[in-house]
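For reference, the chains in residue letters:
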Amino acid sequence: MHIAEGFLPPLHAAAWGVASAPFVVHGVRALTREVKANPESTLLLGASGAFTFVLSALKIPSVTGSCSHPTGTGLGAILFRPPIMAVLGTITLLFQALLLAHGGLTTLGANVFSMAIAGPWAGYAAYRLLRTCGAPLMVTVFAGAFVADLVTYCVTSVQLALAFPDPAGGFPGALEKFAGIFALTQIPLAVSEGLLTVLVMRLLMQSSKSDLVRLGVAKLTGTGAAEQAATRQGAAL
């Protein structure tokens, strides 16, 4: 949902930049703490950023001034929480604007708010809600990725409708048009992204389960759980 360079009115572009800045600053602090406390996280952090970069670069033309594509932000939000994903998403959007002419510098704030802030927070909320309700891990991962993608498109629709209200229907009319056009491509993309994120999480469960346990995504089972319990009991004694 990258809005193209120069497409938003200057006041709107500046306002979205101001709205995004506190989230990104908070995310930088969270990322710094994570790397200092757990240097072993750098590999997964890099993988999460690369996943977002590759998926969000696969663009399909949609509404004039924007496009449809997967976002890839649900995975990073689940693994490292939304504040860190705000930083990874901002870096992704900045590099895409500079290297791929995908998005833009003047619209960076708006794109960050929709794809790197609103989407990850909504996706993480869906993931945590289902985890609290006892849903299987892969169901919660699918929901997190699906919602993160879909909410990104919803926020972009709002941004475009605010900037370009319909002459007859105003903001509601413009929102209906933008959201309706996006929905044709974005809903199938959100489903596909959810399934792909589940596949990636399954691979991580096989190759990096200890990291997922440390991050609170997976739980120890069987012998590993028994050994951890015994270690805690011994420490208490």
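Residues numbered from 1 in each chain as written. Predicted model: local features only at pLDDT ≥ 70, side-chain atom pairs only at ≥ 80, totals over all residues. Heavy atoms only, no water.

A. Spotlight on the overall build of the protein chain. Counting secondary structure elements, the protein chain contains 9 helices and 2 strands. Written out in order from the N terminus, the α and β elements of the protein chain read α-α-β-β-α-α-α-α-α-α-α. Expressed as a percentage of its 237 residues, the buried residues of the protein chain come to 49%. Sequence separation of 24 or more characterises 75% of the internal contacts of the protein chain that already satisfy a separation of 6 or more. Surface summary for the protein chain: the accessible area is close to 11000 Å², and the carbon and sulfur share equals 71%. (Helix = DSSP H or I, 4+ residues; strand = E, 2+ residues; numbered from the N terminus. Buried < 20%, exposed > 50% of the residue type's maximum accessible area, 1.4 Å probe, protein only. Contact = heavy atoms within 4.5 Å. Areas by Shrake-Rupley, 256 points an atom, 1.4 Å probe, with all protein chains shown as cover.)

B. Region of interest: unusual backbone geometry. Of note in the backbone geometry, Arg 81 takes a positive phi value of approximately 80° without being a glycine. Relative to the elements of secondary structure, Arg 81 occurs in the loop between α3 (73-80) and α4 (82-99). Arg 81 sits in the partly exposed class, given a relative accessible area of 30%. The phi torsion at Ala 101 lies on the positive side, around 55°, for a residue other than glycine. Here Ala 101 is to be found in the loop between α4 and α5 (108-132). For Ala 101, a relative accessible area of 63% puts it in the exposed group.

C. Highlighting the environment of Ala 161. Counting through the fold element by element, Ala 161 comes out in helix α6 (residues 137-163). Take Ala 161: its relative accessible area is 0%, and that puts it in the buried class. A sequence separation of 12 residues divides Ala 161 from Gly 173, and the C-alpha atoms of the two residues are 8.2 Å apart. Sequence-distant contacts of Ala 161, that is, excluding residues within four places in its chain, are made with Phe 171, Ala 174, Leu 175 and Phe 178.

D. Structural view of the pattern of salt bridges. Taken as a whole, this structure holds 4 salt bridges when the rule is applied. A cluster of three or more residues bridged by salt bridges with shared partners is formed by Glu 34, Glu 40, Asp 211 and Arg 214. (Salt bridge = Lys/Arg side-chain N within 4 Å of Asp/Glu carboxyl O.)

E. The nonpolar core, seen in detail. Counting residues in hydrophobic clusters, the biggest one holds 28 residues, and the most contacted among them are Leu 79, Met 201 and Val 217. The set of elements that each furnish at least two residues to this core consists of α1 (10-37), α2 (42-56), α3, α4, α5, α6 and α7 (170-207). If one sorts the elements of this core by residue count, α3 sits on top with 5 residues. Residues within four places of Leu 79 in sequence aside, it is in contact with Leu 44, Ser 48, Met 201, Leu 204, Leu 212, Leu 215 and Val 217. Within the second largest apolar cluster, 26 residues are counted, among which are Leu 108, Phe 113, Tyr 153 and Phe 182. (Core = buried A, V, L, I, M, F, W, Y, C linked by side-chain atoms within 4.5 Å.)

F. Region of interest: the packing of α3 against α5. For the pair α3 and α5, the least separation of the axes is 9 Å and the interaxial angle reads 60°. In terms of axis orientation, α3 runs oblique to α5. The element α3 and its partner α5 pack so that their crossing is right-handed. The segment α3 lies against α5, with Thr 73, Ala 77 and Ile 78 engaging Met 115, Pro 120, Tyr 124 and Tyr 127. Counted by class, the contact of α3 with α5 contains 6 nonpolar, 1 polar and no charged residues. (Axes fitted to C-alpha atoms, helices over the stretch in contact; angles between N-to-C directions. Parallel < 35°, antiparallel > 145°, perpendicular 65-115°, else oblique. Left-handed = near helix turned anticlockwise from the far one by under 90°. Nonpolar A, V, L, I, M, F, W, Y, C, P; charged D, E, K, R; others polar.)

G. Geometry of the packing of α3 against α6. The contact between α3 and α6 brings their axes to 8 Å, and the two run at 125°. The pairing of α3 with α6 is recorded here as oblique in orientation. Relative to α6, the crossing made by α3 is right-handed. Seen from α3, the contacting residues are Thr 73, Gly 74 and Ile 78; seen from α6, they are Val 141, Gly 144, Ala 145 and Ala 148. Of the residues that constitute the contact of α3 with α6, the class distribution is 4 nonpolar, 3 polar and no charged.

H. Molecular detail of the confidence of the model for the protein chain. When pLDDT is averaged along the protein chain, the result is 88, and 89% of the positions lie at 70 or above. Confidence over residues 223-237 falls short of pLDDT 50; this stretch has 2 contacts with residues more than four positions distant or in other chains. (pLDDT = per-residue confidence, 0-100.)

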